[in-house]
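If you want the building blocks of each chain, they are given just below.
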Amino acid sequence: MTPFVYDGLPMRVMFGAGTLAKVRAEVERLGARRALVLTTPYQKAEGERVAALLGELSAGVFAGATMHTPTHVTDAALAVLRESGAQCVVAIGGGSTTGLGKALALRTGVDQVVIPTTYAGSEMTPILGETSEGAKTTRRDAAILPETVIYDVDLTLGLPVAMSGVSGINAIAHAVEALYAENRNPIISMMAEEAIAALGRALPQIVAAPTDRAAREGALYGAWLGGVCLGAVGMALHHKLCHTLGGMFDLPHAETHTIVLPHAVAYNTAAAPEAMAAIRRALGTGDAARGLYDLAGKIGAKRALRDIGMPQDGIARAAEAAMKNPYFNPRPLEAAAIHGLIERAWRGDPPNV
Ligand code: NAD
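Just so it is clear, the model here is predicted, and its values are computed rather than measured. (Residues numbered from 1 in each chain as written. Predicted model: local features only at pLDDT ≥ 70, side-chain atom pairs only at ≥ 80, totals over all residues. Heavy atoms only, no water.)

Novice: How do you make sense of the site of the ligand when you look at a structure like this?
Specialist: Taken together, 23 residues are adjacent to the ligand, and Thr 40, Ser 96, Thr 117, Thr 118 and Thr 125 come closest. One nitrogen or oxygen atom from the side chain of Gln 43 is found 2.7 Å from an oxygen atom belonging to the ligand. Calculation on the ligand without its partners gives an accessible area of 870 Å², and the protein chains cover 84% of this total. Take the shell around the ligand: its biggest share by element is three residues, from helix H4 (residues 95–108). Looking at the shell around the ligand, its residues break down into nine nonpolar, 12 polar and two charged. Residue contributions to the shell around the ligand reach at least three from each of two domains, namely domain 1 (12–156) and domain 2 (161–347). (Near = heavy atom within 4 Å. Polar contact = N/O pair within 3.5 Å; in protein donor to acceptor, adjacent residues only side chain to side chain. Areas by Shrake-Rupley, 256 points an atom, 1.4 Å probe, with all protein chains shown as cover. Helix = DSSP H or I, 4+ residues; strand = E, 2+ residues; numbered from the N terminus. Nonpolar A, V, L, I, M, F, W, Y, C, P; charged D, E, K, R; others polar. Domains from an automatic or database assignment.)

Below you can see the structure in the form of structure tokens.
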């Protein structure tokens, strides 16, 4: 067996249906006397429901979380947090809300209880991406890792079908890259294969029957595992490309992941045979990249970057940016092949396998 290092991350995870009811007990368990609830304007009602469950422990609701964790929003939330005297934040929502909770924890050391309502997986990672004046910085720090995560499948039953599909493939992307990560290890690889299998089964079922509880459970379970993978090992070409494309053209996060993933996998196919075998097993397909492209088709997702707002003249610029700042990838970065990859993803062609 290849030698490896495995660092387990200390977190408490509660998974089930109706688990939101445990939020007050979980805040008390952390020793907090007051907790500030965080969410987006769109999910304000859910935030208020959490505040009601917290009763006198609630320090109110800050419903200003938004995409890309802009620092001016964090500053506004920080003022509310300081004023409230809360020792804990309870973040209910997707990766954007989780990001705000992480940004506050990094600055103040408050504890975090996260209640995810998408499949982004951010709740399982010590990683925070923040934007300030248009520039995004990403950092990894133990202080960013949430203390407690409450997965309640009931909260995901209403996640719109289109968002469920792309958010689920975003979670698959974490697992896929974990399989060929430089610091991959057997336990994370097991979780990664299981994540891809669970989401690969659940996502088409959700499209057919959005409130199918078993399918929703499968997807949330897969999302959890995908998040663990992202938090535990390094990512490679796919995440780097999505980061570059998202930043350059302000593309939507999960949709970009969904379109790029089959092409990044095709690029790495020959260089990562064990990872490809795991993806094939998980999806029950003859080819990993094609299986991911077909899954995106099955869930009705867009498969072309041009359809989500990337300009054609951006292909060359993105290819050039992706070649800068070298990072690990199983296959070395080759300028012409990277350009071809982005071009195919832009057109929405099947992956080049
Ligand atoms: P999001 O959090 O931006 O949510 C999009 C919208 O959907 C929001 O208005 C939200 O309120 C709403 N929403 C969330 N759950 C819903 C539900 N169940 N029903 C109806 N509406 C719902 O989207 P996301 O894809 O979860 O997160 C994306 C962000 O997370 C990106 O900024 C990305 O960079 C970040 N992220 C970070 C990490 C990390 O480890 N740091 C990992 C993954 C994603």
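Novice: What should I look at first to understand the side chain of Gln 112 in this one?
Specialist: With respect to the secondary-structure elements, Gln 112 resides in strand S5 (residues 111–116). Ignoring sequence-local partners within four residues, the contact set of Gln 112 consists of Val 89, Thr 98, Gly 101, Lys 102, Ala 105, Ala 143, Ile 144, Leu 145, Pro 146, Glu 147 and Thr 148. (Contact = heavy atoms within 4.5 Å.)

Novice: What exactly am I supposed to notice about the nonpolar core here?
Specialist: One broad rule of soluble globular proteins: the nonpolar side chains tend to lie buried together. Ile 172 and Val 176 are the most contacted members of the largest nonpolar core, which has 53 residues in total. Among the domains, domain 1 (12–156) and domain 2 (161–347) are the pair contributing at least three residues each to this core. Ignoring any residue separated from it by four or fewer positions in sequence, one finds Val 176 in contact with Ile 196, Leu 261, Val 265, Ile 279 and Leu 292. Residues Leu 245, Tyr 267, Ala 319 and Ala 345 belong to the second largest nonpolar core, which totals 22 residues. (Core = buried A, V, L, I, M, F, W, Y, C linked by side-chain atoms within 4.5 Å. Buried < 20%, exposed > 50% of the residue type's maximum accessible area, 1.4 Å probe, protein only.)

Novice: Hey, could you run me through the domain arrangement of the chain in this one?
Specialist: By a widely used convention, the size of an interface equals the accessible area lost when the partners come together. Split by domain assignment, the chain resolves into domain 1 (12–156) and domain 2 (161–347). Of note, the centres of domain 1 and domain 2, computed from C-alpha atoms alone, are 26 Å apart. With 20 residues of domain 1 in contact, the opposing surface of domain 2 contributes 23 residues. Where domain 1 abuts domain 2, roughly 1,800 Å² becomes buried across the two surfaces, and 65% of that area is made up of carbon and sulfur atoms. Of all residues in domain 1, the largest losses of buried area upon contact with domain 2 belong to Phe 15, Tyr 119 and Val 153, amounting jointly to 38% of the total for that side. Where domain 1 meets domain 2, there are one salt bridge. Across the pair Asp 154 and Arg 213 runs a salt bridge whose closest N-O atoms are separated by 2.3 Å. On inspection of domain 1 and its partner domain 2, the count reaches six residue pairs in polar contact (both at pLDDT 80 or more). Sorting elements by how many residues they give to the side of domain 1 that touches domain 2 places strand S7 (residues 135–140) first, with three residues. (Buried area = accessible area lost by both parts, 1.4 Å probe. Salt bridge = Lys/Arg side-chain N within 4 Å of Asp/Glu carboxyl O.)

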